[in-house]
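# Survey of secondary and tertiary structure
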Number of protein chains: 4
Amino acid sequence: MAGSVNKVILIGNLGKDPEVRHLENGVVVANFSIATSETFTDKNTGQKREITDWHNIVVWRGLAKVVESYVKKGMKVYVEGKLKTRSWQDEQKNTRYTTEVVADNLTMLTRAEPATNQSENQYPKSIEENKSQPMTQSIQPEEEDDLPF
Amino acid sequence: MAGSVNKVILIGNLGKDPEVRHLENGVVVANFSIATSETFTDKNTGQKREITDWHNIVVWRGLAKVVESYVKKGMKVYVEGKLKTRSWQDEQKNTRYTTEVVADNLTMLTRAEPATNQSENQYPKSIEENKSQPMTQSIQPEEEDDLPF
Amino acid sequence: MAGSVNKVILIGNLGKDPEVRHLENGVVVANFSIATSETFTDKNTGQKREITDWHNIVVWRGLAKVVESYVKKGMKVYVEGKLKTRSWQDEQKNTRYTTEVVADNLTMLTRAEPATNQSENQYPKSIEENKSQPMTQSIQPEEEDDLPF
Amino acid sequence: MAGSVNKVILIGNLGKDPEVRHLENGVVVANFSIATSETFTDKNTGQKREITDWHNIVVWRGLAKVVESYVKKGMKVYVEGKLKTRSWQDEQKNTRYTTEVVADNLTMLTRAEPATNQSENQYPKSIEENKSQPMTQSIQPEEEDDLPF
DNA sequence: TTTT
DNA sequence: TTTT
């Protein structure tokens, strides 16, 4: 179909570290999920309540490598991409559907630190060295809080 | 969580007429799906191929009434809303998930004609006359209140 | 500055045919403006009124060539791009500012017909025939290549 | 015109504290500007360069009151709104144009501290105490009514 | 599973 | 005028 648009814009925090796979052909894929939330007033109780939505994000190739190196649990990110629903077979041979956001733009809104498999902060030296490397392409770290006003 | 954004922007065509339900409390809900597509070149064959994605749209209340009256199969619409994934139980008591776009803004990009139950094109005269009228204006939701999505 | 986003999404109709320039270095630039409008109720008179906003669009290179060939006065287009404000000197040597949308994505929402210099509707037959052809496909910037999502 | 869309999405930092005016009819308006930037490689020198764009933001009513209380110089914000160009007369009676983003949604991406008139960091004690409070939640406009932009 |  |  001609003349269509498919665009998703999200800002949210990662619930876990990304899962990164290096495919046999050398292509890299990263998956992670981010939470957004909204507050509303419960009609019955009059109380404020918060609803959290979780969004599955997929990134490919160069962007996946950046995610592998810099994006991790708890960080806030801006994600721009397309909605894609893919089908798969479950164990009972039912067709099931999963909707994901295939991101083609990602900006970190939290200060970046190199991601590690040991997310409990025991960085090996090689990762420390990454700290002094320039950031890859359009993706840059960002200071979110503690501004010196 | 503070500081999150959840926004989807789609332009696509309806595959079928919307399904509209009038709930017992008087609230109206409309569901429909729209297709977006993108073309890409198949790496192996060098051929152009088209991938179509289908998106489930939900609209509530006043916007649902407009959909009921004016939006139907084949029309192209602009939809703006939020990504929501809801869980439900299938017959085998498995938890399953469906992702939808809950729209809070909808603009018809095809000239509107009143929707009918006879979507097979037997328009009464008054509707034929509408064909020469200018396109219906942009539609906004009348309220943004505590919705139980 | 890291972590910034600059995005504009417009759907509107062209007021005039685009102006296209071929620069000495071979680069092509196209300029055109599109109108969006919104209706509101005048507080004093209770009357519905419509406000029209005009937006200056700039497209470069391959996208400008497509605009040159297919986009013309009256067509409805989807435009996605960045806000840019540039300064210039008027005749009295005052610094003045013009804000434009530099588009990197453009989709025709009106059935495309090849643009002509005779925009006053004296279409040669070959263009009339185009009227029955399916809408021209979505136009993407050059860098969107064969991705196997 | 029917079927139009006018949407701007920005993430950037405020260059100065907002200017807030309380109009005679009680309506509040806030103006501020935010910077976005992008980096690119200079074709001639091969050097990385950064271009900063400044965007004029206007917010009305309830949202302006929140800006008055919480948003200030240096903070990073998400802004969603409409592009509006208004004309005015300069001293030489030339018609000039200014383009602004009239925001209807604003989310602080920096931890909020109450704005003060003394923006030179002489916080009274009560405001220091506020520093330990959680970030203000996402801010929505309380109404979308007949605005005289 | 995140975040305030 | 911001930010890194």
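Here's a quick rundown of the structure. Note that the coordinates shown come from a computational prediction; the quantities given were computed from them, not determined experimentally.

### Focus: the overall build of chain A
- When its secondary structure is counted, chain A shows 2 helices and 6 strands.
- Written out in order from the N terminus, the α and β elements of chain A read β-β-β-β-α-β-β-α.
- Put simply, chain A has 149 residues, and 46% of those count as buried.
- Within chain A, counting contacts between residues at least 6 apart in sequence, those at least 24 apart form 62% of the total.
- Carbon and sulfur atoms provide 45% of the accessible area of chain A, an area that totals close to 7,800 Å².

### Notes on the relation of the copies chain A and chain B
- Taken as rigid bodies, chain A and chain B are interconverted by a rotation of 180° and an axial shift of 0.0 Å, the fit giving an RMSD of 0.1 Å. What the superposition gives is, in effect, a two-fold axis relating one chain to the other. The C-alpha atom lying nearest the rotation axis in chain A is that of A:Val8; the distance is 2.2 Å.
- Residue by residue, 95% of the interface of chain A is reproduced at the interface of chain B, so both copies engage with the same surface.

### Here's the deal with the pairing of strand β3 (residues 28–41) of chain B
Residue and element names in this part refer to chain B.
- Burial runs high along β3: 10 of the 14 residues are buried.
- When strand β1 (residues 5–14) meets β3, the two strands line up antiparallel, connected through 2 bridges. Bridge assignment links leucine 14 to a residue of β3, and that residue is isoleucine 34.
- Direction of pairing for strand β2 (residues 19–22) relative to β3: antiparallel, over a ladder of 4 bridges.

### Regarding the environment of B:Ile11
- Among the structural elements, B:Ile11 can be located in strand β1.
- With a relative accessible area of 0%, B:Ile11 lands in the buried category.
- Sequence-distant contacts of B:Ile11, defined by excluding residues within four places in its chain, comprise A:Gly3, A:Ser4, A:Val5, B:Ala35, B:Thr36, B:Lys76, B:Val77, B:Tyr78, B:Leu109, C:Ile11, C:Tyr78 and C:Leu109.

### Concerning the interface of chain A and chain B
- Contacts between chain A and chain B engage 37 residues on the former and 38 residues on the latter.
- Ionic pairing is found between A:Asp53 and B:Lys84, a salt bridge with its closest N-O pair at 2.8 Å.
- Seen at the junction of chain A and chain B, the total is 16 residue pairs in polar contact (both at pLDDT 80 or more).
- Put simply, the parts of the chain that give the side of chain A that touches chain B at least two residues each are β1 (5–14), β3 (28–41), β4 (48–60), β5 (76–89) and β6 (95–108) of chain A.
- Sort the elements by how many residues they give to the side of chain A that touches chain B and β1(A) lands first, with 8 residues.

### Here we look at the pattern of salt bridges
- One pass over the full model with this rule turns up 28 salt bridges over all chains.
- A salt bridge links A:Glu38 to B:Lys84; the nearest nitrogen and oxygen atoms lie 2.2 Å apart. On the criterion of chain membership, the pair formed by A:Glu38 in strand β3 and B:Lys84 in strand β5 (residues 76–89) is interchain, its members lying in two chains.
- Using a relative accessible area of 7% as the deciding quantity, one classes B:Lys84 as buried.

### A few points about the side chain of A:Thr107
- Topologically, A:Thr107 is positioned in strand β6.
- With a relative accessible area of 6%, A:Thr107 lands in the buried category.
- The residues contacting A:Thr107, other than those within four sequence positions of it, are A:Val77, A:Tyr78, C:Gly3 and C:Ser4.

### Brief notes about helix α1 (residues 61–70) of chain A
- Taken together, the buried positions of α1(A) are A:Leu63, A:Ala64, A:Val66, A:Val67 and A:Tyr70. Buried residues of α1(A), seen end-on, are gathered within an arc of 160° and therefore sit on one face of the element.

### Here we look at unusual backbone geometry
- Even without glycine at this site, B:Arg61 takes up a positive phi of about 55°.
- With respect to the element layout, B:Arg61 can be found in helix α1 (residues 61–70).
- Judged by its relative accessible area of 15%, B:Arg61 falls in the buried class.
- One non-glycine residue, C:Lys93, lies in positive phi territory at about 65°.
- Position of C:Lys93 relative to the elements: it lies in the loop between β5 (76–89) and β6 (95–108).
- The exposure class of C:Lys93 is exposed, given its relative accessible area of 64%.

Parameters and conventions
Residues numbered from 1 in each chain as written. Chains lettered and ligands numbered in written order. Predicted model: local features only at pLDDT ≥ 70, side-chain atom pairs only at ≥ 80, totals over all residues. Heavy atoms only, no water. Helix = DSSP H or I, 4+ residues; strand = E, 2+ residues; numbered from the N terminus. Buried < 20%, exposed > 50% of the residue type's maximum accessible area, 1.4 Å probe, protein only. Contact = heavy atoms within 4.5 Å. Areas by Shrake-Rupley, 256 points an atom, 1.4 Å probe, with all protein chains shown as cover. Least-squares fit on C-alpha atoms with pLDDT ≥ 70 in both. Pairing = 2+ DSSP bridges. Salt bridge = Lys/Arg side-chain N within 4 Å of Asp/Glu carboxyl O. Polar contact = N/O pair within 3.5 Å; in protein donor to acceptor, adjacent residues only side chain to side chain. Arc of directions from axis to C-beta.

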